[in-house]
Amino acid sequence: MKKVFAFLADGFEEVEALAVIDLLKRAKIDTVMVSIMDTLTVTGAHKIQVIADKLYSEIDYKEADLLFLPGGGTGTKNLKAHKALADALLDFAADDTKRIAAICAAPSVLGLLNILNGKKAVCYPGFEEQLLGAEVVTDGVITDGRITTAKGMGVSIELGLELISLLVDKTTADTIKEQIQCN
C-alpha cells in the first residue's frame, strides 16, 4: 500500500489540504497528516483547527512514497522554516522512487530548495519568482517527473485525482472522480 505524509503547519489552506487528503484516503492510500508544529492541533488560514495524526518527530519520512505540502501564505512560511522537512524534501528529490507534491504557495518551498530546476511547475500567482530554475506554466496541475505542483484551492480535487493516478492508477482516479460527481 502506498503511503503519503501530508505536512500541516499553522496557516495552511484547509481546503487544499483536506480535499487532497480525503481523495487519497478514498483511494485507500495510507495518508498521514503530520504536524510540523509542537502540537497535534494545527490551525488553518481560516481558523479551522485540525488534529493531525502525528507530530513530525514521530514519523520516519523515508516510509512515505509521497510528501505533500498544502499551501497558504503563513502555512508556507512555516513549512519553509522547518529544517528537518527541508532535508526530507531534498532526500526525496534525489530518490528516483519517491514523489513530492505541493499546491498554491507551497511550490515555492521546493523552488527555494532548488528542487524544481529544469521542471515545469505552477504556483499561486505572485510566487513565481520563488520557483527557482523552473519553467513556470499556467496549468492548474502539472506533473513533471516525480514532482507535482498545483495553482491553488480551485484545483484541489484535480490535484488529488492526479496523485491517485500516479500512486494507484488512472482507473481508480476515474472511479473516484465519478463517485464524487466531479465533471
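Located above this text is the structure these notes cover.
All chains use their own residue numbering, which begins from 1 and follows the written sequence. Selection of residues for local features in this predicted model requires a pLDDT of at least 70, selection of side-chain atom pairs for listing and counting requires 80 or more, and totals for whole chains, interfaces and linings are taken over all residues. Calculation of side-chain values draws on the structure's entire complement of heavy atoms; hydrogens and water are dropped beforehand.

A. Focus on the side chain of threonine 76. Positionally, threonine 76 belongs in helix H2 (residues 73-80). To sort residues, take the accessible area from a 1.4 Å probe on protein chains only and compare it with the maximum for the residue type: under 20% means buried, over 50% means exposed, and anything in between is partly exposed. Its relative accessible area of 1% is what places threonine 76 among the buried residues. Contacts are assigned to residue pairs that have any heavy atoms within 4.5 Å of one another. When residues no more than four places from it in sequence are discounted, the contact partners of threonine 76 are Pro70, Gly71, Ala105, Ala106, Ser108 and Val109. For the purposes of this entry, the term helix denotes a DSSP run of H or I that reaches at least four residues, the term strand denotes a run of E that reaches at least two, and both are numbered from the N terminus.

B. The pairing of strand E2 (residues 30-35), seen in detail. Counting buried positions over the six residues of E2 gives five, a clear majority of the element. Bridge count between strand E1 (residues 3-8) and E2: six bridges; the pairing is parallel. Bridge pairing in E2 places leucine 8 opposite serine 35. For the crossover that starts at E1, traverses helix H1 (residues 14-26) and ends in the parallel E2, the hand is right-handed. Note: E2 against strand E5 (residues 54-55), two bridges, orientation parallel. Strand pairing requires that DSSP identify at least two bridges connecting the strands. Handedness of a crossover: with both strands directed away from the viewer, a clockwise path from the first strand across the helix to the second marks it as right-handed.

C. Highlighting H2. Within H2, burial applies to Gly75, Thr76 and Leu79. The buried residues of H2 occupy an angular sector of 100° when projected down its axis, which confines them to one face. Buried residues in H2 make contact with E1, strand E6 (66-69), helix H3 (83-93) and helix H4 (107-112). Taking the helix axis as origin, the arc is that swept by the directions to the C-beta atoms.

D. Representation of the pattern of salt bridges in the model. Salt bridges are identified by distance alone: a Lys or Arg side-chain nitrogen within 4 Å of an Asp or Glu carboxyl oxygen. According to the stated counting rule, one finds six salt bridges in the structure shown. For glutamate 63, the salt bridge goes to lysine 3, with nearest N and O atoms at 3.6 Å. With glutamate 63 in the loop between E5 and E6 and lysine 3 in strand E1, this residue pair connects regions lying 60 residues apart in the sequence. A residue is classified by how much of its surface remains accessible, and glutamate 63, at 47% relative accessible area, is partly exposed.

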